[in-house]
Amino acid sequence: LRRGDPKVAPVHRLDQETSGVLLLSLDPAHRAALEQAFRRHEVRKDYLALVEGVPPERRATMDLPIADEGKTGRADRAGRPAVTRYEVLEALGRAELVPARAESGRHNQIRVHFAHLGHPLLGDRKYGRRRVDGPKAPRVMLHAERLSLPHPATGRPLEVEAPLPEDFSAVLAELRAARR
């Protein structure tokens, strides 16, 4: 994108294998306002995840600091504050469909938090384990479903959504079919 217009710049990041909404800015002044909104926690980030097993609670807040270790992170009291809220949406046998809201923006936050609970995301080769049964996830099953934020020029509420990609939908369909 930058080759076509050098002003195009990402405002935040997603893990490489995470699908979904990625916010880009075309205007440097708006980019600064958007980055400030992220720093002030005015942006709501909603994700969908497929997690292995059954989390201990149907709805919970994970308030676990994360220590950034370069390419990885780990839950550690000496790390930076990180809060993820989740609620189980659908039980799928060996996995659960879970909407998750990252209230902070730590590296691999949702992946680290669920792995720490003992319920890594399907397809997560960094924090998870190799599954020998069930669907083979082609990547980390994490999707940035929605961003809600104030518009950088008008301040009016703005919501951006992305539908589930084919690979996530296929794994979800396979889990649903196996449950029947």
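You'll find the structure just up there.
Residues numbered from 1 in each chain as written. Predicted model: local features only at pLDDT ≥ 70, side-chain atom pairs only at ≥ 80, totals over all residues. Heavy atoms only, no water.

(A) Up close: the overall build of the chain. Along the backbone of the chain there are 3 helices and 12 strands. Relative to the 2.2 N^0.38 estimate, which gives 16 Å for 180 residues, the radius of gyration of the chain is 17 Å and therefore close to what a compact globule would have. Each principal axis of the C-alpha distribution contributes one length, and for the chain these read about 50 × 40 × 30 Å. Classification of the 180 residues of the chain by burial places 41% in the buried group. The positive charge centre, built from 32 side chains, and the negative charge centre, built from 25, are 2 Å apart in the chain. (Helix = DSSP H or I, 4+ residues; strand = E, 2+ residues; numbered from the N terminus. Rg over C-alpha atoms; globule rule 2.2 N^0.38 Å. Buried < 20%, exposed > 50% of the residue type's maximum accessible area, 1.4 Å probe, protein only. Lys, Arg positive; Asp, Glu negative; His and termini not counted. Charge placed at Lys NZ, Arg CZ, Asp CG, Glu CD.)

(B) Local environment of the pairing of strand S4 (residues 44–52). Of all 9 residues that make up S4, 8 are buried, and the element is covered over most of its length. Pairing of S4 with strand S11 (residues 142–150) involves 6 bridges; the strand directions are antiparallel. By the bridge assignment for S11, Tyr-47 is matched with Ala-144. Two elements, S4 and strand S10 (residues 95–102), share 8 bridges in a ladder whose sense is antiparallel. In the strand pairing of S10, Ala-49 is matched with Val-98. (Pairing = 2+ DSSP bridges.)

(C) Highlighting unusual backbone geometry. Unusually for a residue other than glycine, His-41 sits at a positive phi of about 60 degrees. Looking at the secondary structure, you find His-41 in the loop between helix H1 (28–39) and S4. A positive phi angle, near 60 degrees, is found at Asn-108, a position not held by glycine.

(D) Representation of the pairing of strand S5 (residues 59–63). The alternating pattern of S5 places Ala-60 and Met-62 on a buried face and Arg-59, Thr-61 and Asp-63 on a face that is not buried. Strand direction decides the pairing type here: S5 and strand S8 (residues 83–87), joined by 5 bridges, are antiparallel. Residue pairing for S8: Arg-59 is matched across the bridge by Glu-87.

(E) Region of interest: the environment of Ala-91. Counting through the fold element by element, Ala-91 comes out in strand S9 (residues 90–91). Distance from Ala-91 to Val-54, taken between C-alpha atoms, is 7.8 Å for residues 37 residues apart in sequence. Setting aside residues no more than four positions away along its own chain, Ala-91 makes contact with Glu-96 and Arg-179. (Contact = heavy atoms within 4.5 Å.)

(F) Quick peek at the pattern of salt bridges. Scanning the entire structure with this criterion turns up 19 salt bridges. In this structure, Glu-35 and Arg-31 form a salt bridge, with 2.9 Å as the shortest nitrogen-oxygen distance. Residue Glu-35 and its partner Arg-31 are located together in helix H1, separated by 4 residues, close to a single helical turn. Note on Glu-35: relative accessible area 23%, which makes it partly exposed. Using a relative accessible area of 30% as the deciding quantity, one classes Arg-31 as partly exposed. For Asp-167, the salt bridge is made with Arg-139, and the minimal N-O distance between the two is 2.6 Å. In this pair, Asp-167 is assigned in helix H3 (residues 166–179) and Arg-139 in the loop between helix H2 (109–117) and S11, connecting sequence segments 28 residues apart. Connected through salt bridges with shared partners, the residues Arg-44, Asp-46, Arg-101, Glu-145, Arg-146, Glu-159 and Glu-161 form a single ionic network. (Salt bridge = Lys/Arg side-chain N within 4 Å of Asp/Glu carboxyl O.)

(G) Highlighting the environment of Pro-135. By secondary structure assignment, the location of Pro-135 is in the loop between H2 and S11. A residue is classified by how much of its surface remains accessible, and Pro-135, at 9% relative accessible area, is buried. Sequence separation between Pro-135 and Ala-95 is 40 residues, and the spatial gap between their C-alpha atoms is 9.9 Å. When neighbours within four sequence positions are excluded, Pro-135 is seen to be in contact with Val-171, Glu-174 and Leu-175.

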